[in-house]
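So the chains spell out like this:
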Amino acid sequence: MDRLEQKMLRTAKEKPDTYDRYVDDCLMVWCHGEEKLVKFIEHCNDQHPTIRFTWESSVNGQPVSYMDMLMTIRPDHNLECELFRKPSDSGVNLNFESCIPLHVKQSVATQQFRRASTLSSNAEAEERSQNKIRNLLHSNGFPLKHIQRAQERSRQPTRQQQLAEKQPRPKTTLTNLRLPFCSDGLDRKVRSFICKSKIPLRVVYNQGKSLKQNLVRSALTPVLRTCTTHEKYLEQQHQQKRSRGKPRDDCISCKAGLNAGNCDRKGGVYCLKCNLCAEIYVGETMRPLRARISEHHMQARNQTAEQPWGEHMKLFHPERKIGKEPIFSAELLTTVMDHAKRKAREAVEIRERKPMVNRTKGWRT
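Everything quoted here is computed from the prediction, not taken from an experiment.

Turning our attention to the pairing of strand E2 (residues 25–29). In the sheet, strand E1 (residues 18–22) pairs with E2 via 5 bridges, with the strands oriented antiparallel. Bridged to Thr 18 within E2 is Val 29. Hairpin connection from E1 to E2: 2 residues lie between these consecutive antiparallel strands, with Val 23 at a positive phi of about 60°.

The subject of this paragraph is the pattern of salt bridges. Evaluated as defined, the whole model comprises 20 salt bridges. Between Glu 284 and Arg 342 there is a salt bridge, with its nearest N and O atoms 2.6 Å apart. Of this pair, Glu 284 sits in strand E9 (residues 280–285) while Arg 342 sits in helix H13 (residues 339–353); the two residues are 58 residues apart in sequence, bridging distant segments of the chain. The same class applies to Glu 284 as to Arg 342, namely buried. Note that Glu 295 is salt-bridged to Arg 292, the shortest N-O span being 2.7 Å. Of this pair, Glu 295 and Arg 292 both sit in helix H11 (residues 289–302), separated by 3 residues, roughly a single helical turn. Accessibility expressed as a relative area gives 18% for Arg 292, which makes it buried. Members of the salt-bridge network, linked through shared partners, are Glu 80, Glu 82, Arg 128 and Lys 132.

What follows concerns the packing of aromatic side chains. Tallied over the full model, the rule gives 6 aromatic pairs. Seen in terms of ring centroids, Trp 30 and Phe 40 are 5.1 Å apart; in terms of plane orientation they differ by 35°. Their pairing is tilted. Taken together, the positions of Trp 30 in the loop between E2 and helix H2 (34–45) and Phe 40 in helix H2 put the pair 10 residues apart, joining distant regions of the chain. Pair check on accessibility: Trp 30 and Phe 40 agree, each one buried. Ring centres 5.3 Å apart and planes at 85° place the aromatic pair Phe 181 and Tyr 205 in the edge-to-face group. Taken together, the positions of Phe 181 in the loop between strand E6 (175–180) and helix H7 (184–197) and Tyr 205 in strand E7 (residues 201–206) put the pair 24 residues apart, joining distant regions of the chain. Every member of this aromatic cluster is reached through a ring pair, and the members are Tyr 270, Tyr 281, Trp 309 and Phe 328.

The rules behind each value
Residues numbered from 1 in each chain as written. Predicted model: local features only at pLDDT ≥ 70, side-chain atom pairs only at ≥ 80, totals over all residues. Heavy atoms only, no water. Pairing = 2+ DSSP bridges. Helix = DSSP H or I, 4+ residues; strand = E, 2+ residues; numbered from the N terminus. Salt bridge = Lys/Arg side-chain N within 4 Å of Asp/Glu carboxyl O. Buried < 20%, exposed > 50% of the residue type's maximum accessible area, 1.4 Å probe, protein only. Phe/Tyr/Trp six-rings, centres within 6.5 Å; stacked < 30°, edge-to-face > 60°.

Rendered as structure tokens:
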């Protein structure tokens, strides 16, 4: 389309003073008369056999629409702009009865009024534009008090402007707590509980999986998980053209008793049980389980200070020497990809199992 426009403007006898395009909507300022305008449109339609330009002009003061803006040349030759809604617009917007947080509905209504004010060139056009927004919100079930509140908020400075005037606050690390939205009453209770408990959490509502995502999957049969340690080692040996020796077994997680393929899982909450004294440890990790369990093995092997398994071996089994075989057995309790939910599940497992190897109790739940 860009090449077509360059050719079209380059070969035209009379050219527009201004020509802009957004996707398939074009805006043009023409000062050479209506007859030459018709010839220019015919010239544009001759450039390609399947592309045709349709046009509207402001002859005799007729308004012209461009995207969501309606422009009119007034008798004093000034340009007047206001909000435009297509006749084919169904008027379906965010319904007030939708299961969506109330602050989201208020923000949508406020932004609609701000858009109407931004597109309006004077007070009269702004009043007409805001009347269109009021009718739109009213047809979608918004109560009158929420419409008036959104209109008042649209006249206030935006959040970016308010934050620019304030002094910068010290940054605090907050963990996002993702929850499915149920109702505004439950939302207030959750936020009140988090505020009173002083837990560093930020409530974020997610949409969740749709019915299609729950019913449709690409794999016809479930994929069988296998440990990739041997495959990666054999591939590395093949690339280096080494054929001597046998593949070594380096997967500590599989040796510790995890099911086939679970060593590569991410976002796991796991339990490690000492083979010597039956004490347990509960932990969580976002990384593959084999990476985290290998770290525990090395801490126990080296008796690393200030580490759970290092201190456990130093206090209870100081004379025990550990080789390549793990000193504990591993069990995958669950997999949770969300950080906040995974930390909460770890805290619940610690509270129920009461592990003695853990140095902390996790989150307070």
